[in-house]
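Below, each chain spelled out in residue letters.
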Amino acid sequence: MLRVGVTGGIGSGKSTVSRRLAELGAHVIDADAVAREVVEPGEPTLQRIRARFGDAVVRDDGSLDRAALAAIVFPDREALDALDAITGPAIAARVAERRAAAPDDTISVYDMPLLVERGLWVHEHLTVVVETDVETRVRRLVGERGLDETDARHRIAAQATDAQRRAVADVVLDNSGTPDDLARAVDALWHERLVPYEGNLVTGTRSRRPDLARECVVDPRADWEPRAERVVARLAAALAPTGVATEVSHIGSTSVPGLLAKDVIDVQVGLRHLADADRDDVLRALRDVGYVFSHGIHSDTPHPVGSDPAGWTKRFLGGCDPGSHVHVHVREHGSAGWRFALLFRDWLRHEPAERDAYATEKHRLLGLHEATSDYVVAKEAWFEGAWQRATDWAERTGWQPR
Ligand code: ADP
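Residues numbered from 1 in each chain as written. Predicted model: local features only at pLDDT ≥ 70, side-chain atom pairs only at ≥ 80, totals over all residues. Heavy atoms only, no water.

**Overview of the pattern of salt bridges**
No. 1: Under the definition given, this model contains 34 salt bridges.
No. 2: Ionic pairing is found between R3 and D288, a salt bridge with its closest N-O pair at 3.1 Å. With R3 in strand β1 (residues 2–8) and D288 in helix α12 (residues 280–288), the pair connects residues that are 285 residues apart, well separated along the chain.
No. 3: A residue is classified by how much of its surface remains accessible, and R3, at 11% relative accessible area, is buried.
No. 4: The partly exposed category is assigned to D288, whose relative accessible area is 41%.
No. 5: Because the salt bridges share partners, they merge into one network encompassing E37, E43, R94, E97 and R98. (Salt bridge = Lys/Arg side-chain N within 4 Å of Asp/Glu carboxyl O. Helix = DSSP H or I, 4+ residues; strand = E, 2+ residues; numbered from the N terminus. Buried < 20%, exposed > 50% of the residue type's maximum accessible area, 1.4 Å probe, protein only.)

**Notes on the site of the ligand**
No. 1: Around the ligand, a shell composed of 15 residues is seen, among which G11, S15, T16, R145 and N175 lie nearest.
No. 2: Here a nitrogen atom of the ligand and a side-chain polar atom of R140 are 3.3 Å apart.
No. 3: Relative to its free-state accessible area of 560 Å², the ligand is covered by the protein chains to the extent of 85%.
No. 4: Broken down by element, the residue count for the shell around the ligand peaks at 3 residues, all from helix α1 (residues 14–24). (Near = heavy atom within 4 Å. Polar contact = N/O pair within 3.5 Å; in protein donor to acceptor, adjacent residues only side chain to side chain. Areas by Shrake-Rupley, 256 points an atom, 1.4 Å probe, with all protein chains shown as cover.)

**Observations concerning the sheet that holds strand β11 (residues 315–319)**
No. 1: Here we have 5 strands laid out as an open sheet, ordered β7-β9-β12-β11-β10, and mixed in their pairing. Of all strands in the sheet, those bounded by a partner on one side alone are β7 (245–251) and β10 (291–293). In this sheet, adjacent strand axes meet at a mean angle of 25° when their direction is disregarded.
No. 2: The pairing of β11 with strand β12 (residues 325–332) spans 4 bridges and is antiparallel. Bridge pairing in β12 places G318 opposite H327.
No. 3: Those strands touched by helix α11 (residues 224–239) are β7, β9 (264–271), β10 and β12, and its axis lies near 165° from that of β7.
No. 4: Strands β7, β9 and β12 of the sheet are contacted by helix α13 (residues 336–350), whose axis makes an angle of about 40° with β7. (Pairing = 2+ DSSP bridges. Axes fitted to C-alpha atoms, helices over the stretch in contact; angles between N-to-C directions. Contact = heavy atoms within 4.5 Å.)

**Remarks on the pairing of β1**
No. 1: Most of β1 is tucked away: 7 of the 7 residues are buried.
No. 2: As judged from the 5 bridges shared by β1 and strand β3 (residues 107–111), these two strands associate in the parallel manner. Opposite G5, over in β3, you have Y110 as the bridge partner.
No. 3: With 5 bridges joining them, β1 and strand β4 (residues 126–131) adopt parallel strand pairing. Bridge pairing in β4 places G8 opposite V130.

**With respect to the sheet that holds strand β5 (residues 171–174)**
No. 1: The 5 strands lie next to each other as β2-β3-β1-β4-β5, forming an open sheet whose pairing is parallel. Of all the strands in the sheet, the pair left with one neighbour each is β2 (27–30) and β5. Across the sheet, the mean angle separating the axes of adjacent strands is 25° when strand polarity is ignored.
No. 2: The strands that helix α5 (residues 77–101) touches are β1, β2 and β3; relative to β3, the one it contacts most, it runs at about 160°.

**Thoughts on unusual backbone geometry**
No. 1: Residue P304 is reached from H303 by a cis peptide bond, and omega for that bond is -10°.
No. 2: In this structure, P304 sits in the loop between β10 and β11.

**Side note on the side chain of E131**
No. 1: Summarising the element assignment, E131 is placed in strand β4.
No. 2: Here R166 takes part through its side chain, which lies 2.8 Å from a polar atom of the side chain of E131.
No. 3: Contacts of E131, omitting those with residues within four sequence positions, involve D162, R166, V172, L173, D174, N175 and S176.

**Re the domain arrangement of the protein chain**
No. 1: Split by domain assignment, the protein chain resolves into domain 1 (2–203) and domain 2 (214–397).
No. 2: On a C-alpha basis, the centroid separation for the pair domain 1 and domain 2 is 35 Å.
No. 3: Taken together, the contact between domain 1 and domain 2 spans 20 residues of the former and 13 residues of the latter.
No. 4: Across the domain 1 to domain 2 interface the summed buried area is about 1300 Å²; carbon plus sulfur atoms make up 48%.
No. 5: Here domain 1 and domain 2 share 4 salt bridges between them.
No. 6: Residues D321 and R193 are paired through a salt bridge, measuring 2.6 Å at the closest nitrogen-oxygen approach.
No. 7: There are 10 residue pairs in polar contact (both at pLDDT 80 or more) connecting domain 1 and domain 2.
No. 8: The dominant element in the side of domain 1 that touches domain 2, judged by the number of residues it contributes, is helix α9 (residues 179–203), at 8 residues.
No. 9: Residues of the side of domain 1 that touches domain 2, tallied by class, amount to 10 nonpolar, 5 polar and 5 charged. (Domains from an automatic or database assignment. Buried area = accessible area lost by both parts, 1.4 Å probe. Nonpolar A, V, L, I, M, F, W, Y, C, P; charged D, E, K, R; others polar.)

What follows is the structure, encoded as structure tokens:
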């Protein structure tokens, strides 16, 4: 199952996007509807609300008196947090139940206004943010939904800002145009990303970087850092219940500002014991967030040449998202290979001359090799010298992995 979170400020067009996705075949869960469901008469959540806020919040017919509850919680931050602590887990459990009941090959859309505010986006494979400027939203809310203008502005001010949402968005849908423009953008997203992503998840296929090196290697991109942050946050959240990981870090050339690189986000997962990577619950957690093992790859080239290969073993996984290539290197915390990945990044971040020398070497190799795989192999020779210089730098500066 592919999990897609759809969010946006009130009046942005979030519901319009979800409706279109449902027409295309998505299974849509509306967070607002679930929130109403879990407080219906007879629901344990309603009983908890009554126990916490008193009998006055329940009407004679057993239904929730929303106005009475609102009068208690809205002026009082602590009361509002207490209400969220009761309803939040109940809603999450109901959504998880729905998803568990859906077939495996479903594209499951969670239409959730507070996806960003609540940090729930980390559990979705993709976060889609619908964006429309505030004045247009106010105009649409007043004109088409009949809201009072002051009320519309208050509601907008109480939510996350566009910048906060954009920071965690994998996809931003601009809804400043016509409804047809929006529908076309949703259709393209569906066919070009969601359907192939879901197909990859079901078959356990990782998405492939371009085979041609000159197509794969690109100038530095501003989205590498935020893309990596999202990968790191999702992997960390997925692995947290297993307790096996010490940290997840962005590594490799895309983690060095100003360096050209393959458009592939590399991250390293540090494990207390590498063997934990083969545990069933760990395999399931990684597969569930969209990463599949590449069973042919078990180690890196040891440095310096001739050193014990035991310190350079790893597990390697690829991400299933066709819209963002991700490689995950799982290494034992404290191993030589684990340490070098972090050292290499920090060294190049701190030594612009070395970064530029590496860029020059990359350009030279791009002139010699057509295939990305050949280009990758050819870079290895440079790494032996780099390992020595980085190690000298670490000794000189007292660098330690963080
Ligand atoms: P949200 O779910 O984000 O609050 P909606 O999808 O309900 O927003 O959209 C808010 C209002 O604006 C609705 O009445 C909707 O029909 C209208 N709307 C959405 N997109 C457009 C658009 N591109 N042009 C004009 N009106 C739109």
